[in-house]
Amino acid sequence: MTKIKLCGLSRPRDILAANQLRPEYIGFVFAPESKRYIAPKGAAELKELLDPNIQAVGVFINETAETVARLLNSGVIDLAQLHGSEDADYIRQLRTRTGKPVIQAFRITAEEDVKRAEHSVADHILLDAGAGTGTVFDWSMLRQLRRPYFLAGGLGPENVEEAMERLHPYAVDVSSGIETDGGKDPEKMAAFVAAVRKGARA
């Protein structure tokens, strides 16, 4: 069964909608340059509202390992997702400090990017067109990939079934595809989750 990650949640109503839909993961974006940024204090308050069966992922871009480890060890997040230039040493250091899983994100523009992702030391890899651009990359580049991955980039209720049918990803990750006017839309969130579950049964 393909797992679901609803990313960029930032308001109590987003969490309440997620609790009803029960995805495996939700995401908090801790990169200040993102329009979906949430401060650690706000994320901690939202985590209190989150169904304990749903794992919270923290999204970071070149944050210090100390800051990421603190959020993992305090229970604000359950996994770290790295979108910057963090290397294998950084990932190992984080794992030593926390024992928590790490997702390394890769922007896929050429087949070399897929090879780099395949050799990542992270627990999971995430393949994207770019950080939060809401565009789809060329899925045909994933033909040779033999490692499970989170698929992101331009997914929404209208195309996630096709993505699952063609690629069979470990998980699908959505952010802009479940938004209206820059905020999470409960109806689109529900439609996305329904489409994934329908595709998983097909």
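This section reports on the structure supplied with the text. (Residues numbered from 1 in each chain as written. Predicted model: local features only at pLDDT ≥ 70, side-chain atom pairs only at ≥ 80, totals over all residues. Heavy atoms only, no water.)

Let's talk about the overall build of the protein
For the protein, the helix and strand inventory stands at seven helices and ten strands. The globule rule puts the C-alpha radius of gyration for 202 residues at 17 Å, and the 16 Å found for the protein is close to it. When the backbone C-alpha atoms are referred to their principal axes, the protein occupies close to 40 × 40 × 30 Å. Burial status across the protein gives 51% buried among its 202 residues. Restricting to contacts in the protein with at least 6 residues of sequence separation, those with at least 24 account for 52%. Summed over its atoms, the accessible surface of the protein is roughly 9,500 Å², and 49% of this surface lies on carbon and sulfur atoms. Within the protein, one finds 26 positive and 28 negative side-chain charges whose respective centroids are separated by 2 Å. (Helix = DSSP H or I, 4+ residues; strand = E, 2+ residues; numbered from the N terminus. Rg over C-alpha atoms; globule rule 2.2 N^0.38 Å. Buried < 20%, exposed > 50% of the residue type's maximum accessible area, 1.4 Å probe, protein only. Contact = heavy atoms within 4.5 Å. Areas by Shrake-Rupley, 256 points an atom, 1.4 Å probe, with all protein chains shown as cover. Lys, Arg positive; Asp, Glu negative; His and termini not counted. Charge placed at Lys NZ, Arg CZ, Asp CG, Glu CD.)

Quick look at the packing of helix α1 (residues 12-21) against helix α7 (residues 186-201)
Relative orientation of the contacting elements α1 and α7 amounts to 25 degrees, with a least axis distance of 10 Å. As the angle between them shows, α1 and α7 are arranged roughly parallel. Pair α1 / α7 crosses with right-handed handedness. Counting all contacts with α1, which are made through Arg 13, Asp 14, Ala 17, Ala 18 and Leu 21, the residues of α7 involved are Pro 186, Met 189, Ala 190, Val 193 and Arg 197. Residues of the contact of α1 with α7, tallied by class, amount to seven nonpolar, no polar and three charged. (Axes fitted to C-alpha atoms, helices over the stretch in contact; angles between N-to-C directions. Parallel < 35°, antiparallel > 145°, perpendicular 65-115°, else oblique. Left-handed = near helix turned anticlockwise from the far one by under 90°. Nonpolar A, V, L, I, M, F, W, Y, C, P; charged D, E, K, R; others polar.)

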